[in-house]
Structures are given as C-alpha cells and as structure tokens.
Amino acid sequence: MKKTIIALGTFAALSFVVMGSLALYIYNLDLGVDYKGRARLDYNWKYYFAACPKEEHGYEGKFFSFSYPSFTPENPLKEVIDSNGGLVFSGDQFLDIIWHLNEAGSIKSELAAHLSYSGTDLPAFSAEFMQWVLCESDKEYLDSNKVYNKYLEKINFRNGGSAILLSLWSKTEHRPHRKFIIGIAPNGYIFKVRNMVRYNATEATYRELGMPSHYRGGVYPDAARDAKSACVLNRVLETFEFKK
C-alpha cells in the first residue's frame, strides 16, 4: 500500500510539472494578443488546441483552384457567378473570394504596379484603392489610415503567379483584424480574398465575452475560431493555383 501511495504521489507530481511546463509554454506563445494573466492563458490555450485538420475540401473553379481544411463533412464552399465575375464564400470560417473583370482602370493599374514592383518595401495603396478593398460604408471609418495599421507583402503561388498580401491590424474594437490576398488572374480578372484574423478585443472585452462558457449571442471573441481562420488562410496560400 505504501509503495502504491508513493507511486501515485510521484505520478501526480510529475503530471503537475508536465502540465505546468505546458501551460507556461502556451502562455508565452506570441499569438498576436497582448493579454496578461488568466486571459492570455485562456486565449492561447484555446487557440493552441484548436484542431487544424489534414483532410481537405477542394475548390475547382474556372480561373483558379485551392484546398480548404474540412472542419465539417460537407464542403462549405459556395459559388455564385455572373457575366462580370463571381464570388466564393465559406460561411462561418470567414473566408470569401470575389473576382471581377470590369473594375475601374485606376484600381487595376495600381494593383498591376504593385505586382510588378521590384523593391523590398511595397508602397502604400492609395485611399481610393483601400476603399475598393474594404467597401467601407460607415463614414466614421472611411479613412483607413485612422482605422488600420497596414502591412503589404508580395507573395508567389506555388505553380506560378503572384499576389499582394495585405494585413490590416485594427486600431479600434469596432473593426476586426483582417487579411486580404489581392491579384490579377491570367485572364485579366481582379480577385480579392478576404480572411478575418480575429476581433480586435481588449483584454477587458475578452474577459467579459471570450472566457465565459455559457451561450453568447451576437459577436464575441473566440480563440478557437481565430485559429481555424488562420488555418484556412494558410491552406489557401499553400494550394492556390491559377488555371492555365
């Protein structure tokens, strides 16, 4: 009996050390939030253990294709096409793609200039271009420089072609952090991929809305959803291909 008690005590102590080390590791992960204490551990823990499945759904469109992680047995991707373009959207995983042929010439020329830019630091997009990206309707948030910090990066797809990855980090809780992939398909269509990174919630807001386990209606912070959203965007970036 004494040996059993000692063994159980040793196992419990080791388990405590392992769990403590894991909690410390997860707590120190930089997942883009500046929370502290219990709020940070709660967010990082839920984000870290959100599953990013290897199984995929595929999208095979007329102009491009990509893969999408299968969070549900049914493929969530829906497509709407008209004579000027189309739309692919995925429901609650916060990814949609829209493409048009007849965009304003100034939009297409500015995007083409960014795609052909050979320098290391891409120039900022114009106010007109940002309004086209965001389609903002609220006058209070029309000045994107006041609402977002912006980061631009040129990315290359695995089988040819490139696009601009535009990351927008919101300065207000009234707008989420977002990422856009913007490019021109070989057939001349301008496409725009939109992905929501996460709601820009302060620590106080997260403690109030993101940590309770009871049902919450409306919009609220959700670390697991944020992790899935990142998983979606990463998989699309890895698998996106233009049709030749």
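Residues numbered from 1 in each chain as written. Predicted model: local features only at pLDDT ≥ 70, side-chain atom pairs only at ≥ 80, totals over all residues. Heavy atoms only, no water.

A. View of the overall build of the chain. Each helix and strand counted, the chain has seven helices and 10 strands in total. The 244 residues of the chain split such that 43% are buried. Pairs at least 24 residues apart make up 51% of the contacts formed inside the chain by residues separated by at least 6 positions. Accessible area of the chain: about 13900 Å², with a carbon and sulfur share of 56%. (Helix = DSSP H or I, 4+ residues; strand = E, 2+ residues; numbered from the N terminus. Buried < 20%, exposed > 50% of the residue type's maximum accessible area, 1.4 Å probe, protein only. Contact = heavy atoms within 4.5 Å. Areas by Shrake-Rupley, 256 points an atom, 1.4 Å probe, with all protein chains shown as cover.)

B. Summary view of the pairing of strand β2 (residues 64-69). Counting buried positions over the six residues of β2 gives six, a clear majority of the element. Every second residue of β2 is oriented toward a common face, with Phe-64, Phe-66 and Tyr-68 on one face and Ser-65, Ser-67 and Pro-69 on the other, all of them buried. When strand β1 (residues 56-60) meets β2, the two strands line up antiparallel, connected through five bridges. Bridge pairing links Glu-56 to Pro-69 in β2. Adjacent in sequence and paired antiparallel, β1 and β2 are bridged by three residues. Bridge count between β2 and strand β10 (residues 241-242): two bridges; the pairing is antiparallel. The residue bridging Ser-65 from the neighbouring strand is Glu-241, located in β10. (Pairing = 2+ DSSP bridges.)

C. Empty space enclosed by the protein, seen in detail. Within this structure, the stated rule accounts for one cavity of 30 Å³ or more. The volume enclosed by the largest cavity comes to roughly 40 Å³. Taken together, Tyr-35, Tyr-43, Arg-198, Tyr-199, Ala-201, Tyr-206, Pro-221, Asp-222, Arg-225 and Asp-226 make up the lining of the largest cavity. Here the residues of the lining of the largest cavity are counted per class, giving six nonpolar, no polar and four charged. (1 Å grid on protein atoms, 1.4 Å probe; cavity = no way out; pocket = protein on both sides within 12 Å on 5 of 7 lines; lining within 4 Å. Points joined across faces, edges and corners; volume = space filled by probe spheres on them. Nonpolar A, V, L, I, M, F, W, Y, C, P; charged D, E, K, R; others polar.)

D. Structural context of the side chain of Asp-96. Position of Asp-96 among the secondary structure elements: in strand β5 (residues 95-100). Looking at Asp-96, its side chain comes within polar contact range of the side chain of Arg-194, at 2.6 Å. When neighbours within four sequence positions are excluded, Asp-96 is seen to be in contact with Leu-87, Val-88, Phe-89, Lys-192, Val-193 and Arg-194. (Polar contact = N/O pair within 3.5 Å; in protein donor to acceptor, adjacent residues only side chain to side chain.)

E. Seen up close, the state of the cysteines. Counted according to the given criterion, the structure contains one disulfide. There is a disulfide in this structure between Cys-52 and Cys-231, and the S-S distance comes to 1.9 Å. The sign of the S-S torsion, about 70 degrees, decides the handedness of the disulfide formed by Cys-52 and Cys-231: right-handed. Pair noted here: Cys-52 is in the loop between α2 (37-48) and β1 and Cys-231 is in helix α7 (residues 223-239), with a separation of 179 residues, a long-range link. Owing to a relative accessible area of 41%, Cys-52 belongs among the partly exposed residues under this scheme. (Disulfide = S-S within 2.5 Å.)

F. Focus on the pattern of salt bridges. Here the structure, examined in full by the defined rule, presents eight salt bridges. A salt bridge links Glu-60 to Lys-243; the shortest N-O distance between them is 3.1 Å. Of this pair, Glu-60 sits in strand β1 while Lys-243 sits in the segment after β10, placing them 183 residues apart in sequence. Here Glu-60 falls in the exposed class, since its relative accessible area comes to 62%. (Salt bridge = Lys/Arg side-chain N within 4 Å of Asp/Glu carboxyl O.)

G. Seen up close, the side chain of Glu-136. Looking at the secondary structure, you find Glu-136 in the loop between α4 (127-134) and α5 (144-147). Only 3.1 Å separates the side chain of Glu-136 from the backbone nitrogen of Asp-138, close enough to count as a polar contact. Discounting chain neighbours no more than four positions away, the residues touching Glu-136 are Gln-131, Tyr-141, Leu-142 and Arg-175.

H. The arrangement of the layout of surface pockets in detail. The volume enclosed by the largest pocket comes to roughly 230 Å³. Taken together, 16 residues line the largest pocket, and the ones lying closest to its centre are Tyr-47, Trp-169, Lys-179, Val-197 and Ala-230. Contributions of two or more residues to the lining of the largest pocket are made by α2, β7 (162-170), β9 (190-198) and α7. At six residues, the largest contribution of residues to the lining of the largest pocket is made by α7. For the lining of the largest pocket, the class distribution of residues is nine nonpolar, four polar and three charged.

I. Spotlight on the sheet that holds strand β8 (residues 177-184). With antiparallel pairing, the seven strands of this open sheet are ordered in space as β3-β4-β5-β9-β8-β7-β6. Here the strands that pair on one side only, and so sit at the sheet edges, are β3 (78-82) and β6 (148-156). This sheet shows a mean twist of 15 degrees between the axes of neighbouring strands, independent of strand direction. Together, β6, β7, β8 and β9 form the strand contacts of α4, whose direction differs from that of β8 by roughly 105 degrees. The strands touched by α7 within the sheet are β5, β6, β8 and β9, with β9 carrying the most contacts at an inclination of about 150 degrees. (Axes fitted to C-alpha atoms, helices over the stretch in contact; angles between N-to-C directions.)

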